[in-house]
Amino acid sequence: MTKYLSIPITILVASVLFSSCVSNKKFTALQTQHQDLGELYQKGQVELAESRSRVKSLEDQLEQERKTNATLREALARLQSTLDNSISQNTQGNVNISKLVDEINASNKYIQHLVNTKNKSDSLNMVLTNNLTRSLSREELKDVDVQVLKGVVYISLSDNMLYKSGSYEISDQAGETLSKIAKIIQDYKDYDVLIEGNTDSDPISKPNIRNNWDLSTLRASSVVQALQNNYGVDPKRLTAGGRGEFNPIANNGTPEGKSRNRRTQIIITPKLDQFMELIDKAPEETEVPAEL
């Protein structure tokens, strides 16, 4: 009798063990799924923050555009008021009025030319910024800040990523990031590039570096030479400069502030001769005759 009872009990134990095994597998699968969803959520939060930052930058640029357009409208209104006053004061000065109308028309054309040029420059800057941001990895974006301020593109690089500790020699880690920036610079050949070094307020103690002026300038020079020698950027477009500790963007009283102040900026601007050409195209001012 005992022999026959042992068989069902064995089957029952096996069934319980099998059921437990299946439950553990489901639990493990649910745990994995939960972890995947958590990682996806975190990724979504990072991308949302990045999108909000870009939207804020676009809103700031739009506000700047509105201010510029308001200034141009005021200038046009003043010119129109001058014409209206001249016509109301004297109806006999037809020749002078005609001349004044021509001058106003010329001024209006010049203003419109400035507006069109600025709009084109702003559009190119936005494309440049977007292309650069998309080319950088998420890790690189932690050490690279890209902004457009008053029509100028600023690429700020942290010294932790760019240089060997306490040195002006460029680290191996920075090579890939600089190559991506160099490609953008090469694509926009009508822009000049200023490399500007900045330090915190801590004095430097190196036998071959006198002070932070030297360190910031040497670091900027290292980036210029890397862009020229390693990535083929035309040296005629490049300028190296150092501002030492005298251009801080944060408080040097904290480690975090010092870290932000230790940076090298790559500043991309339209060439100066293009601005001079616009000035040369401005209509000459002439005196309004007294009889008007």
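Since the model is a prediction, treat every value here as computed from it, not as a measurement.

Enquirer: Go over the overall build of the protein with me, naming the residues and quoting the values.
Expert: Along the backbone of the protein there are eight helices and five strands. Along the protein, helices and strands appear, N-terminal first, in the series α-α-α-β-β-α-α-β-α-β-α-β-α. Residues counted as buried form 30% of the 292 residues belonging to the protein. Taken as a whole, the protein presents about 19,200 Å² of accessible surface, with 55% of it coming from carbon and sulfur.

Enquirer: Explain the side chain of Thr-264 residue by residue, including any values.
Expert: Relative to the helices and strands, Thr-264 is located in strand β5 (residues 263-270). Side chain to side chain, Thr-264 and Tyr-163 meet in a polar contact 2.6 Å long. In this structure, Thr-264 is in contact with Ile-155, Ser-156, Leu-157, Leu-162, Tyr-163, Ile-195, Glu-196, Gly-197 and Val-223, ignoring residues within four places of it in sequence.

Enquirer: Residue-level account of the sheet that holds strand β4 (residues 238-242), with values.
Expert: Across the sheet, which stays open at both edges, the five strands sit in the order β1-β2-β5-β3-β4 with mixed pairing between neighbours. Looking along the sheet, the strands with just one partner apiece sit at the ends: β1 (144-149) and β4. Neighbour-to-neighbour, the strand axes of this sheet turn through a mean angle of 20 degrees, independent of strand direction. Bridge count for strand β3 (residues 191-198) against β4 is five bridges, and the pairing is parallel.

Enquirer: Help me get a handle on the packing of aromatic side chains, residues and values and all.
Expert: Applying the stated criterion across every chain, the model contains two aromatic pairs. Pairing Tyr-188 with Tyr-191 gives two aromatic rings, centres 6.0 Å apart and planes at 85 degrees, and the pair type is edge-to-face.

Enquirer: Give a description of helix α5 (residues 174-187) that names residues and reports values.
Expert: For α5, which comprises 14 residues, the first-to-last C-alpha distance of 20 Å matches the rise-based estimate of 20 Å (1.5 Å per residue) to within 8%. Here α5 has its buried residues at Ala-174, Thr-177, Leu-178, Lys-180, Ile-181, Ala-182, Ile-184 and Ile-185.

Conventions we followed
- Residues numbered from 1 in each chain as written.
- Predicted model: local features only at pLDDT ≥ 70, side-chain atom pairs only at ≥ 80, totals over all residues.
- Heavy atoms only, no water.
- Helix = DSSP H or I, 4+ residues; strand = E, 2+ residues; numbered from the N terminus.
- Buried < 20%, exposed > 50% of the residue type's maximum accessible area, 1.4 Å probe, protein only.
- Areas by Shrake-Rupley, 256 points an atom, 1.4 Å probe, with all protein chains shown as cover.
- Polar contact = N/O pair within 3.5 Å; in protein donor to acceptor, adjacent residues only side chain to side chain.
- Contact = heavy atoms within 4.5 Å.
- Pairing = 2+ DSSP bridges.
- Axes fitted to C-alpha atoms, helices over the stretch in contact; angles between N-to-C directions.
- Phe/Tyr/Trp six-rings, centres within 6.5 Å; stacked < 30°, edge-to-face > 60°.
- Expected span 1.5 Å × (residues − 1).

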